[in-house]
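A look at the structure
Chain by chain, the residues:
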Amino acid sequence: MTWFNILIEGILVGGFYALFACGLSLMFGVMKVINLAHGDMAVVAAYVAVFLAPKWHVPEVWSFLIVVPLFGLLGYVVQRTLLQKSIDRDPFTTLLVTFGLSVVIENLLLAIYSANGQSVNIGSLVSKSFQLSSSTYVSYVALTVLGAAVLVLGALQLFLSRTNTGRVIRAVSDDREAAQLCGANYKHLFGIAAAISFATVALAGISYGVMTQFAPSSGGANLLFAFEAVVIGGIGSLWGTLVGGIALGIAQQYGAHVNPAYQILFGNLLFLLVLAVRPQGLFGRKEAMA
Amino acid sequence: MSEILSVKPTALRVERSTFSPLFTLGGVIAVAAFFTLAPWILAASWVSILSNFFILVIMATMWNLLAGYAGMVSIGQQGFVGLGAYATLYLALKGMNPFVAIPFAALICGVIAIPITFLLLRLRGGYFSVATWVVADSAMLLILSVAYLGGGTGKYMPGLLSLSPTTLNHDVYLATWFGALVVLVGTYLLLRSRVGLLLSSMRDNEIAARSAGAKVTTTRRMIYVVAAIGCGVAGAVLAVSQPFVQPGNEFQLQFAAEMLFTSMIGGLGTIEGPILGSIIFFTLQQSLQNWGAWYLIIFGSLAVVVAIWQPRGLWGAIRDRFHVELLPVGYRVKEPRA
Amino acid sequence: MSNGATTHPLLRVRDVSVHHGQLLAVNSVSFDLNRGEVLAVIGANGAGKSTLLRTIAGLHHATSGEITYEGTSILSLPAHRRVTSGISLVPEGRRLFQSMTLEENLLVGAHKAAPGSFDVAAIYDLFPWMRDRRKSKVKQFSGGEQQAVAIGRALVANPKVLMLDEVSLGLAPIVIERIYEIIPQIVSSGIGVLLVEQDVSQGLRVATRALCLLEGRTTLEGTPDQLTPESIEIAYFGSHLVSDATKEPS
């Protein structure tokens, strides 16, 4: 029964990691950029949902309806300005700039909202759950987040494979210059990829705020989990990211079962193991590695 | 190359420095003497500020060695700061004088770094960066679970209670100052050695350097281990200066941010840059000390601006404009005036 | 060809110079390309041929000079806008989207296409073997097949200027022949073709006019029957390597 527990918990939290990670994976696949501020954007979204959305007369439950598109827009703008500027220089600069942004954002949140924990309030819904077996309960919120993750990944997959824009984004990711020779404005497409990335991470951030408390410093840990999910699953594979997230979730739940202090450590160890043994990840292509 | 030189053998001279070596050496000795005597010259509050300043100089110099010279953007050096602190605590708990333990703690960090390089150096760019972060995070989580070292709550550094506060303050200061001196002189000598040449050839063109026989991975490994030792020194002196040792304090991600911003603003790939950056950092921190996290927000924003618009940093800009080098590690070809 | 646009050549390159860092890769090159013409740019490795084509496509900046297309300057247009206005380059090394199928490659090529006679179906008519394999990933294709896809991907954008960079590189002679067979068909629709070849005989066989580059400069220009093997040799290798050519001013 414990194994069953670990599995169910791992899958539920893994879905959340995948939701968190798909935008990171998309940006890395298309722009070859690891956005080190990715986790902090999620936290910002959660703060907007808690502090700003009520001011605009949007209840916190429905805040994602405006926060997600807002972050899409923000992603496009940030990409076309700051990130494009740093990409124009070199990958080294992009790492420095996104890390700098991450620290600045975290400390801005700290200065404005203090280090107190916050959460997105959705009423009594948050504690509702159903019983799966004698010792396993599944919360509706966690299940909804898993469902949202599968939905987002599926929609993203469809977008990339079936639509013209999606196809051209993949072309830019394969060979930027050749895509330009087919008429692709890669900077605009980078902007669209960033918009999707920011929108999905905003949804992930609000979900996170519903499920647990968050603080300005939550971004860093979440970036690590997202990155670990992407690498375990394999860069360039969306469903791989879901499997990677679930694998990470199971490793963490198993660690917590061994010793509550080992939860995150076991996830890290799985990640390092994958890097050592199969650096392209479970579903990744070797050539996709930077 | 030899053809060009043989045409006018006296036309060009290859030099290291814009100033004469004696001038540089004299300057360094004067500065060293001042800082060694500082506890007897300056007020106590200044002395403890200087202690923290030197800890940052050590960390920034090490980060600059990694990223500015060897192209490895680590965001996990706080892991070695923490390990250095905890190695010192461990040795002190075993009965060693904490000040004596500092070099041993640093060496322990170097030894720990060796196996880690075999995992990390296979990775490039952002992969490397995030992996260093995961390693640092894992090191902290491991230390957290060791009850002997105080677990999550931390432990006092033993062996310091017999010292009076003034003596402790002086000793801590001297430890940080000598630590910084050793790290700076060591880095300087390392960069002037063959390794420095190897690094600049790798920076210009890694593939060419590799095919010309440069041992790129070995050089990177060595730099990574040296940076681990240096950050271990910073952690060790940090631990004796606090002297309450706690995982949350020693493994702070903020260290990574500080060393990165400091090197970038000061000037990546120069010896002087991290020192200049540290001065700016402390000026900002001291003048905004009643404003909470704002000094870091301003400093971080400044670093982002510098990275995009002035990637050679402040010292790089000064050097380009005025052609000065205080601590030269490269060579320059000089044409005599006609 | 009686419309007003014919007063301008399709593509006019005037005194174009391009630098790679300090190196002068293209040195003050000028030529015109007209509708229905095949201009072959020949020259040794490193003569600046590819750089010239990439500059016209917008992938390099010209240091000086002027490039006009149907009478208007295109120098300020980014690469992707030049494609939509009618200039397509088949880059050296084919550069297909390796993770995609044949059809997806063509669809990307067509996504900003100008109106014209080519669409994906027309490409399948031009290369009938493609229809059966349109769902296959291009990375499984042979070099010749990949080259055909690369040409198809450029054609579906309905260019008026088609530039081909070293299409024969690494291909068997029989395969090269089959690829060059389609050029007359392409040209007959009024397209101007600018092709770069290291293999001189190959380039001259399909060309209506040829231009020889040496160290970034034009050393020879003419129709294939005007060019003697000796003059090509001098233009290709430089006068200092050819004993009887001493009159070349420098």
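Bear in mind the structure is a predicted one, so any value in this text is a computation, not a measurement.

1. Some remarks on the overall build of chain B
- A tally of regular secondary structure across chain B gives 15 helices and 4 strands.
- Here chain B has a C-alpha radius of gyration of 21 Å; the compact-globule value for 338 residues is 20 Å, and the two agree.
- Seen through its C-alpha atoms, chain B measures out along the principal axes to roughly 70 × 50 × 40 Å.
- When burial is assessed residue by residue, chain B has 46% of its 338 residues classed as buried.

2. Describing the interface of chain A and chain C
- With 16 residues of chain A at the interface, the matching set in chain C holds 22 residues.
- Secondary-structure elements contributing two or more residues to the side of chain A that touches chain C are α6 (164-174) and α7 (176-180) of chain A.
- With 6 residues, α6(A) is the largest single contributor of residues to the side of chain A that touches chain C.
- Among the residues forming the side of chain A that touches chain C, the class breakdown is 7 nonpolar, 4 polar and 5 charged.

3. Looking at the packing of helix α13 (residues 272-287) of chain B against helix α15 (residues 313-322) of chain B
Residue and element names in this part refer to chain B.
- As a packed pair, α13 and α15 sit with axes 8 Å apart at the nearest point and diverge in direction by 120 degrees. Regarding the angle of α13 to α15, the classification is oblique. Considering only the axes of α13 and α15, their crossing is right-handed. In contact with Glu-272, Gly-273 and Leu-276 of α13, α15 contributes Gly-313, Leu-314 and Trp-315.
- Across the contact of α13 with α15, the residue classes break down as 3 nonpolar, 2 polar and 1 charged.

4. Focus on the pairing of strand β6 (residues 87-90) of chain C
Residue and element names in this part refer to chain C.
- Across the two faces of β6 the burial is the same, with Ile-87 and Leu-89 and Ser-88 and Val-90 all buried.
- Sheet topology note: the β6/strand β7 (residues 161-165) ladder contains 4 bridges and is parallel. Looking at the pairing, Val-90 lines up with Leu-164 of β7.

5. Describing the nonpolar core
- Within the largest apolar cluster, 284 residues are counted, with the highest numbers of intra-cluster contacts made by Ala45(A), Ala193(A), Met59(B) and Cys109(B).
- Residues in contact with Met59(B), not counting those within four places in the same chain, are Gln77(B), Val81(B), Cys231(B), Ala234(B), Phe255(B), Glu258(B) and Met259(B).

6. Details of the packing of helix α4 (residues 91-113) of chain A against helix α12 (residues 253-266) of chain B
- Their axes nearest at 11 Å, the elements α4(A) and α12(B) cross at an angle of 125 degrees. One element, α4(A), and the other, α12(B), form an angle in the oblique class. Judged by the sense of rotation from one axis to the other, the crossing of α4(A) with α12(B) is left-handed. Between α4(A) and α12(B), the residues in contact are Leu96(A), Phe99(A), Gly100(A) and Val103(A) and Ala257(B), Leu260(B), Phe261(B) and Met264(B), respectively.

7. With respect to the pairing of strand β1 (residues 11-20) of chain C
Residues and elements named next belong to chain C.
- Inspection of the sheet shows β1 paired to strand β2 (residues 23-33) by 7 bridges, in the antiparallel sense. Considered in β2, the bridge of Arg-12 is made with Asp-32.
- Where β1 folds back on β2, the antiparallel hairpin that results is connected by 2 residues, among which Gly-21 adopts a positive phi of roughly 60 degrees.
- In this sheet, strand β4 (residues 64-69) lies alongside β1 in antiparallel orientation, the contact comprising 5 bridges. Paired with Arg-12 across the strands is Thr-68, a residue of β4.

8. Details of the interface of chain B and chain A
- With 37 residues of chain B at the interface, the matching set in chain A holds 33 residues.
- Elements with a minimum of two residues in the side of chain B that touches chain A: α6 (125-144), α12 and α14 (294-309) of chain B.
- Counting residues per element, the side of chain B that touches chain A draws most heavily on α6(B), which supplies 13 residues.
- Residue classes in the side of chain B that touches chain A are distributed as 26 nonpolar, 8 polar and 3 charged.

9. Overview of the sheet that holds β4(C)
Residues and elements named next belong to chain C.
- If you walk across this open sheet you meet the 4 strands as β2-β1-β4-β5, and the pairing is antiparallel. Because the sheet does not close on itself, it has two edges, and the strands there are β2 and β5 (72-73).
- Bridge count for β4 against β5 is 2 bridges, and the pairing is antiparallel. Residue Tyr-69 lies in a different strand from β5, and its bridge partner there is Thr-72.
- Contacts between helix α1 (residues 49-57) and the sheet are confined to β1, β2 and β4, with β2 contributing the most and set at about 65 degrees to the helix.

10. Here we look at α4(A)
- Between its first and last C-alpha, α4(A) extends 33 Å over 23 residues, near the 33 Å set by a 1.5 Å rise per residue.
- Just past α4(A), the residue Ser114(A) takes up positive phi, approximately 65 degrees.

11. Observations regarding helix α10 (residues 238-258) of chain A
- Between the first and last C-alpha of α10(A) there are 30 Å, a value that for 21 residues agrees with the 30 Å anticipated at 1.5 Å per step.
- The buried count for α10(A) comes to 16 of 21 residues, which makes it a mostly enclosed element.

12. A few points about the sheet that holds strand β10 (residues 217-222) of chain C
Residues and elements named next belong to chain C.
- Spatial ordering of the open sheet is given by β6-β7-β8-β3-β9-β10, a layout of 6 strands whose pairing is mixed. Both outer strands of the open sheet, β6 and β10, are each paired with one neighbouring strand and no more. With strand direction ignored, the average angle separating the axes of adjacent strands in the sheet is 20 degrees.
- Here strand β3 (residues 38-43) pairs with strand β9 (residues 209-214) via 5 bridges, running parallel. Of the residues in β9, the one forming a bridge with Leu-39 is Arg-209.
- Across the sheet, helix α6 (residues 143-155) lies against β6 and β7, angled at about 170 degrees from β6, the strand it touches most.

13. Observations regarding the environment of Ala210(C)
Residues and elements named next belong to chain C.
- With respect to the secondary-structure elements, Ala-210 resides in strand β9.
- Judged by the 24 C-beta atoms lying within 10 Å of it, Ala-210 falls in the buried class.
- Along the primary structure Ala-210 and Val-200 are separated by 10 residues, whereas in three dimensions their C-alpha atoms are 9.6 Å apart.
- Beyond its immediate chain neighbours, meaning those up to four positions away, Ala-210 contacts Ala-40, Ile-42, Gly-203, Leu-204, Gly-222, Pro-224 and Leu-227.

14. A closer look at the confidence of the model for chain C
Residues and elements named next belong to chain C.
- Mean pLDDT for chain C: 87, with 93% of residues reaching 70 or above.
- Scored below 50 in pLDDT, residues 1-5 makes 3 contacts in the model with residues more than four places away or belonging to other chains.
- Between residues 245-250, whose pLDDT stays under 50, and residues either more than four places distant or in other chains, the model counts 3 contacts.
- Taken together, the chains of this predicted complex give a pTM of 0.90 and an interface ipTM of 0.91.

15. Some thoughts on the environment of Pro91(A)
- In this structure, Pro91(A) sits in helix α4.
- Taking the C-alpha atoms as reference, Pro91(A) lies 22 Å from Gly281(A); in sequence the two are 190 residues apart.
- Those residues within four positions of Pro91(A) in sequence are excluded, and the remaining contacts are Lys32(A) and Gly125(B).

The rules behind these values
- Per chain, residues are indexed from 1 in the order of the written sequence.
- For this description, chains carry letters from A and ligands carry numbers from 1, given in the order in which they are written.
- For this predicted model, a pLDDT threshold of at least 70 governs which residues receive local features, and a threshold of 80 or more governs which side-chain atom pairs are given and counted, while totals over whole chains, interfaces and linings are taken from all residues.
- Working definition: helices are DSSP H or I runs of at least four residues, strands are E runs of at least two. Numbering for both runs from the N terminus.
- With C-alpha atoms as the basis for the radius of gyration, the globule rule is written as 2.2 Å multiplied by the number of residues raised to the power 0.38.
- Counts of 20 or more other C-beta atoms within 10 Å of a residue's own C-beta define buried residues, counts of 12 or fewer define exposed ones, and intermediate counts define partly exposed ones; C-beta atoms are placed from the backbone.
- Here contacts are defined at the residue level, using C-beta atoms placed from the backbone and a cut-off of 7 Å between them.
- Note on residue classes: Ala, Val, Leu, Ile, Met, Phe, Trp, Tyr, Cys and Pro are nonpolar, Asp, Glu, Lys and Arg are charged, and everything else, Gly too, is polar.
- Lines fitted to C-alpha atoms define the axes here, with helix axes fitted over just the stretch in contact, and angles between the N-to-C directions of these axes take values from 0 to 180 degrees.
- By definition in this entry, angles of less than 35 degrees are roughly parallel, angles greater than 145 are roughly antiparallel, angles of 65 to 115 are roughly perpendicular, and the rest are oblique.
- Take the far helix as the reference: if the near one is turned anticlockwise from it by less than a right angle, the crossing is left-handed, and if turned clockwise, right-handed.
- Two strands pair under a simple rule: DSSP has to find at least two bridges between them.
- Here, a nonpolar core means buried Ala, Val, Leu, Ile, Met, Phe, Trp, Tyr and Cys residues linked by C-beta atoms lying within 7 Å of one another.
- Multiplying one less than the number of residues by 1.5 Å gives the expected span of a helix.
- Confidence of the predictor at the level of single residues is given by pLDDT, which spans 0 to 100.

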